[in-house]
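Here is how the chains run, residue by residue.
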Amino acid sequence: MLPAVLVIGLDKEDRDVICEALRPLSCVVTAADTFDEGRALLTRLEPMVVVAPLQLREYNAIHLALIARVESPHTQVIIRGYPDPALAREAADAGATYLVDPRLGDIVAAVRDALARSTRR
C-alpha cells in the first residue's frame, strides 16, 4: 500500500502544482482547499505527510500540526511559511517542519525525506 500525502492550500493552482510534483514519489496524493477539509482528511486518511501553507484563513498550519500530534501522531506536517523565527520555533514545538519561502524542489525534497523517515520506522 502506498503512503498517503495530504496537500492543503487555499490557492488551487499552487496546490495542483505541488500535487503533480509529488506524484512521482510513489505515494497517493490527496488535496484539500480549506483547514476544515484538511482536518477531516487528516483524521480519515491518517496520511504520512501533510503539506500546508502557514496561513489557512482563520487558522494556521501550526494548529493543524497540533491536531495531527494528537489525532494522527505518525503524520509529519510540513509548513510552508515566511521568515519569522518565532513561528518557526512554534512550528518545531508542534512537531512540524517549517520551510521558509520554499521553492517547489524544496517541498518535494522535504516530502521525500519525510516519507523515507516514515518507512524506516
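Everything discussed here concerns the structure shown above.
Since this is a predicted model, take the numbers as computed values, not measurements. (Residues numbered from 1 in each chain as written. Predicted model: local features only at pLDDT ≥ 70, side-chain atom pairs only at ≥ 80, totals over all residues. Heavy atoms only, no water.)

(A) The overall build of the protein chain, seen in detail. Each helix and strand counted, the protein chain has 5 helices and 7 strands in total. For the C-alpha atoms alone, the extent of the protein chain along its principal axes is close to 35 × 30 × 25 Å. The long-range share in the protein chain, meaning contacts at least 24 apart out of those at least 6 apart in sequence, stands at 64%. In the protein chain, which carries 14 positive and 17 negative side-chain charges, the distance between the mean positions of the two groups comes to 5 Å. (Helix = DSSP H or I, 4+ residues; strand = E, 2+ residues; numbered from the N terminus. Contact = heavy atoms within 4.5 Å. Lys, Arg positive; Asp, Glu negative; His and termini not counted. Charge placed at Lys NZ, Arg CZ, Asp CG, Glu CD.)

(B) Just the nonpolar core, in detail. Of all hydrophobic cores here, the largest spans 23 residues; its most connected members are Leu6, Ile8, Leu42, Val50, Ile62, Val77 and Ile79. For this core, the secondary structure elements donating two or more residues are strand S1 (4–8), helix H2 (35–45), strand S3 (49–53), helix H3 (61–71), strand S6 (76–81) and helix H4 (85–93). If one sorts the elements of this core by residue count, H3 sits on top with 6 residues. Membership of the second largest hydrophobic core comes to 18 residues, among which are Val7, Ile18, Cys19 and Val29. (Core = buried A, V, L, I, M, F, W, Y, C linked by side-chain atoms within 4.5 Å. Buried < 20%, exposed > 50% of the residue type's maximum accessible area, 1.4 Å probe, protein only.)

(C) Highlighting the packing of aromatic side chains. All told, the structure shown has 1 aromatic pair when counted by the stated rule. Taken together, a centroid distance of 4.2 Å and an interplanar angle of 20° make the contact between Phe35 and Tyr59 stacked. Of this pair, Phe35 sits in helix H2 while Tyr59 sits in strand S5 (residues 59–60), and the two are 24 residues apart along the sequence. (Phe/Tyr/Trp six-rings, centres within 6.5 Å; stacked < 30°, edge-to-face > 60°.)

(D) How the structure looks around the pairing of S1. S1 sits mainly inside the fold: 5 of its 5 residues count as buried. Along S1, one buried face is formed by Ala4, Leu6 and Ile8 and the opposite face, lined by Val5 and Val7, is buried too. Taken together, the 3 bridges between S1 and S3 define a ladder with parallel strand orientation. Residue pairing across strands places Val5 opposite Val49, the latter belonging to S3. (Pairing = 2+ DSSP bridges.)

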